[in-house]
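Notes for the structure review
Listed below, chain by chain, are the residues.
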Amino acid sequence: YKTKPGEDVYAQFPFFVTLKGRETSFRTRAFLFAAVTAIGAHAGNFSRVVVPESGQGVLSPAILPLHRTYPDYRNHPTFFRKMEYFISGLLRHEVKYEQPRLWFTKGQTMKAFLELQKKPDELIRTRSCWQSRHIVNYQKKQRQCGLCAACILRRFSLHSVGIDEPPDTYIVSDLQTSSANKAMALIAEEKRASMLAYGSAGVQHFQHFGELAKLSDSALLLRSPGLMKAISSSEKDTLKNLRELFGAHAEEWHAFVAAQGKKSFLLNWMDGGNRWSI
């Protein structure tokens, strides 16, 4: 069974779920994915499950929750330790979720891939955007929005390894303009307010994530409750790895923003603004 050219699916686990109400937070996906991989490990008598998420995706939702929401631990080591305990009790099978890219940025992970494969087209063909089709479909082609947090992370990570994507990859392609409204010209006007909220929140999030390196040791540890215990790491090593991750992220982020020029609407968003420039 293949979903895409060159993509093999090792096993399928058919299941049916009946929901009485729609779950809109997407947080249950982590449990679903972890459960399916645990079932696969149990069926194949494996004990290791590798989670390739890079440090920004693992730690930033938990350390920097948005808009007064609860911290999001869906990729956090604490969640996987609890999942291991749950699977052990449910299936009587020991599974270990490993996170080898925990202390690396997405850009560093891309660099490591290119050093092994030397196939930039493989990265270009991937998809990061989660926006629905009615936003990203244009001229009979499903693009990526280019402005949500997932797209922005993708864009500055690719920038860090020197990869330029085709101009028609994104609906919001031009980030150098001073007008966010102009940049969203291909998006229906009634959808722009939500895209504005997604985009500005994501930009501020990435800016703040890099600034965490400036915190004191005690403040940084308070922002990362349970992390040392979850990964069995010393305080010294945890702080060192956190600061290196934040520093690498900040370097990639600021290089990307600088490349957009001094008139980019992203600069206004980094300061907490989210108004469209006329």
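Definitions and cut-offs
Residues numbered from 1 in each chain as written. Predicted model: local features only at pLDDT ≥ 70, side-chain atom pairs only at ≥ 80, totals over all residues. Heavy atoms only, no water. Helix = DSSP H or I, 4+ residues; strand = E, 2+ residues; numbered from the N terminus. Buried < 20%, exposed > 50% of the residue type's maximum accessible area, 1.4 Å probe, protein only. Contact = heavy atoms within 4.5 Å. Areas by Shrake-Rupley, 256 points an atom, 1.4 Å probe, with all protein chains shown as cover. Salt bridge = Lys/Arg side-chain N within 4 Å of Asp/Glu carboxyl O. Expected span 1.5 Å × (residues − 1). Lys, Arg positive; Asp, Glu negative; His and termini not counted. Axes fitted to C-alpha atoms, helices over the stretch in contact; angles between N-to-C directions. Parallel < 35°, antiparallel > 145°, perpendicular 65-115°, else oblique. Nonpolar A, V, L, I, M, F, W, Y, C, P; charged D, E, K, R; others polar. Patch = residues over 30% accessible without salt bridge, like charges linked within 9 Å, V, L, I, M, F, W, Y side chains within 5 Å. Polar contact = N/O pair within 3.5 Å; in protein donor to acceptor, adjacent residues only side chain to side chain. Phe/Tyr/Trp six-rings, centres within 6.5 Å; stacked < 30°, edge-to-face > 60°. Lys NZ or Arg CZ within 6 Å of the ring centre and 35° of its normal.

Scanning the chain from N- to C-terminus turns up 13 helices and six strands. Per-residue burial for the chain yields a buried fraction of 39% across its 278 residues. Contacts in the chain between residues far apart in sequence, at least 24 positions, make up 67% of those at least 6 positions apart. Accessible surface computed for the chain: about 16800 Å², of which carbon and sulfur atoms make up 55%.

So, on to the pattern of salt bridges. For the coordinates displayed, the defined rule picks out eight salt bridges. Arg48 is the partner of Glu98 in a salt bridge, and the nearest nitrogen-oxygen pair spans 2.8 Å. In this pair, Glu98 sits in strand S4 (residues 96-98) while Arg48 sits in strand S3 (residues 48-50), placing the two residues 50 residues apart along the sequence. With a shortest N-O distance of 2.9 Å, Glu244 and Lys240 are connected by a salt bridge. A residue pair is termed a helical-turn pair when its members lie 3 or 4 positions apart in one helix, as Glu244 and Lys240 do in helix H12 (residues 235-259) at four residues.

With that settled, consider helix H3 (residues 77-91). Between its first and last C-alpha atoms H3 spans 21 Å; for 15 residues at 1.5 Å apiece the expected length is 21 Å, and the two agree. Packing partners of the buried residues in H3 comprise helix H1 (28-44), helix H2 (55-63), S4 and helix H11 (227-231). Of the residues trailing H3, Arg92 is marked for its positive phi of about 55°.

Glancing now at the side chain of Glu252. Its place among the elements puts Glu252 in helix H12. Although Glu252 is buried, it forms no salt bridge, and the closest oppositely charged side chain is Lys111 at an N-O distance of 8.7 Å.

Let's shift gears to the packing of helix H7 (residues 149-160) against H12. Between H7 and H12, whose axes approach to 9 Å, the crossing angle comes to 95°. The angle between H7 and H12 places the two elements in the roughly perpendicular class. Touching Ile152, Arg155, Phe156, His159 and Ser160 of H7 are His249, Glu252, Trp253, Ala255, Phe256 and Ala259, all from H12. Tallied by class, the residues present in the contact of H7 with H12 amount to six nonpolar, three polar and two charged.

Okay, a nonpolar patch on the surface next. Residues Phe31, Phe86 and Leu90 make up a contiguous nonpolar surface patch of roughly 300 Å² in combined accessible area. The topology assignment puts Phe31 in helix H1. Judged by its relative accessible area of 41%, Phe31 falls in the partly exposed class.

This paragraph deals with the side chain of Arg154. Tracing the backbone shows Arg154 in helix H7. For Arg154, a relative accessible area of 1% corresponds to the buried category. Polar contacts involving the side chain of Arg154 include one to the main-chain carbonyl oxygen of Leu123, which spans 3.5 Å.

Attention shifts here to the packing of aromatic side chains. Scanning all chains against the criterion turns up eleven aromatic pairs. A centroid spacing of 5.0 Å and a plane angle of 85° characterise the contact between Phe209 and Phe246, whose relative ring orientation is edge-to-face. Taken together, the residues Phe209 in helix H9 (residues 189-211) and Phe246 in helix H12 connect sequence positions 37 residues apart. For Phe209, a relative accessible area of 1% gives the class buried. On the basis of relative accessibility, which here comes to 0%, the residue Phe246 falls in the buried class. The ring of Phe104 is capped by Arg101, whose NZ or CZ atom sits 3.9 Å from the centre of that ring.

So, about the environment of Pro100. One can find Pro100 in the loop between S4 and helix H4 (106-117). Here Pro100 falls in the partly exposed class, since its relative accessible area comes to 47%. It is 8.3 Å that separates the C-alpha atoms of Pro100 and Ser54, two residues lying 46 residues apart in sequence. In this structure Pro100 touches Val50 and Val51, once residues within four positions along its chain are discounted.

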